[in-house]
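Read off the chains here:
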Amino acid sequence: MRVRWPLALRCTVLATVAGLFLTGCSASGNSTGEPITIAAAASLQGAFEQISEEFTAEHPEVQISSITYDGSSTLATQILEGANVDVFASADERNMSEVTEAGFGHEPVIFASNTLVIAVPQDNPADIDSLQDLSQATMVLCAPQVPCGAASQRLLEASGVQVTPASQEQNVTAVLQKVAAGEADAGLVYATDVLDDGNVAAIVPDGAEDIVNTYPIAALGENPGAQAFVDFVSSERGQQILEKHGFGTGAAQANG
């Protein structure tokens, strides 16, 4: 026996079925997975802002919910204490090792390198010309546990120069800001930090090429978007962006 449904009821049923069908298609076609959070060394900010923009354009299915920039040691501590981080990019291998050896993350990849310069205010009022001049200058350094601070100590020791810093900062950005503001005669920062800062000038000290910081990056969980970001950073385009911002690339470091 054929049942004839009232017209209004038939329309309601069809609309409901169609709605469920379209909803199912929408959920399947536009699924973005879990958003990703990134923690990156302060020196990477300029490069990673461009990288994240191009990555998002290439991977619209992946949402970057936040990028935190700070000293690598600070970021590593936050991760070990339970911070929600999907990708960690460190300015040295020591802080990355602390994270991965604690059971966080996949095998890290070296993706960039950096060296130090002496940053001085644009007019260089203390007439700084070399590392030796720093012993008599008011200067700022990164703290020893921060990658730029550890590299600064190695550079100064290799040159036989002793300094008494006016302050020791938790990231390289803070060092540069104090120099740019005229609060210090000089500071040791990464070469990449001074490229686009018109308030400071850079002096490449003797021996800087021998003190190289290598930058590892790792996905810390199983979010596929995190690994996609790591892969993009290591890709040809990612390496081009890093080189544009003054970094040595991972490939160059591996060959060097």
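Keep in mind that this is a model prediction, so the values were computed, not measured.

A. View of the environment of Q227. You can see Q227 is positioned in helix α7 (residues 224–234). The sequence separation of Q227 and I36 amounts to 191 residues, and the corresponding C-alpha distance is 9.9 Å.

B. Region of the structure containing the nonpolar core. Counting 64 residues, the largest nonpolar core has L44, F48, F111, L134 and F229 as its most contacted members. Not counting residues within four places of it along the chain, the set of residues in contact with L44 comprises Y69, A89, F111, Y215, L242 and F247. Ranked by size, the runner-up nonpolar core spans 10 residues in total, among them A39, F88, M96 and A218.

C. Layout of the environment of A201. Along the chain, A201 falls in strand β9 (residues 200–203). In this structure the C-alpha to C-alpha distance between A201 and I118, which are 83 residues apart in sequence, comes to 8.2 Å. Filtering out sequence-adjacent residues up to four positions away, A201 remains in contact with I118, A119, V120, P121 and Q122.

D. Quick peek at the confidence of the model for the chain. When the pLDDT values of the chain are averaged, the result is 87; 85% of them are 70 or greater. Within the model, pLDDT remains below 50 along residues 1–31, and this stretch shows three contacts once partners closer than five positions in the same chain are excluded. Below a pLDDT of 50 lies the segment residues 252–256, which in the model reaches four contacts outside its immediate sequence neighbourhood of four places, other chains included.

E. Examining the sheet that holds strand β3 (residues 87–89) more closely. Strand order in the open sheet formed by six strands is β2-β1-β3-β10-β4-β11, and the pairing between neighbours is mixed. The outermost strands of the open sheet, each flanked by one partner alone, are β2 (64–70) and β11 (248–249). Sheet topology note: the strand β1 (residues 36–41)/β3 ladder contains three bridges and is parallel. Along β3, the bridge assignment pairs I38 with V87.

F. Looking closely at the packing of aromatic side chains. A full pass over the atoms with the stated rule returns seven aromatic pairs. Measuring from ring centre to ring centre gives 5.7 Å for F48 and F229, while their planes differ by 75°; the resulting arrangement is edge-to-face. Within this pair, whereas F48 is found in helix α2 (residues 45–58), its partner F229 is found in helix α7, the two being separated by 181 residues in sequence. Assigned by exposure class, F48 and F229 land together as buried. A centroid spacing of 6.1 Å and a plane angle of 80° characterise the contact between F111 and Y215, whose relative ring orientation is edge-to-face. A residue pair is termed long-range when its members are at least 10 positions apart, and F111 in strand β4 (residues 109–114) and Y215 in strand β10 (residues 213–219) qualify at 104 residues. Given a relative accessible area of 0%, Y215 falls into the buried group. Connected via pairs of aromatic rings, a cluster forms that spans F48, F55, F111, Y190, Y215, F229, F232 and F247.

Scoring rules and cut-offs
Residues numbered from 1 in each chain as written. Predicted model: local features only at pLDDT ≥ 70, side-chain atom pairs only at ≥ 80, totals over all residues. Heavy atoms only, no water. Helix = DSSP H or I, 4+ residues; strand = E, 2+ residues; numbered from the N terminus. Core = buried A, V, L, I, M, F, W, Y, C linked by side-chain atoms within 4.5 Å. Buried < 20%, exposed > 50% of the residue type's maximum accessible area, 1.4 Å probe, protein only. Contact = heavy atoms within 4.5 Å. pLDDT = per-residue confidence, 0-100. Pairing = 2+ DSSP bridges. Phe/Tyr/Trp six-rings, centres within 6.5 Å; stacked < 30°, edge-to-face > 60°.

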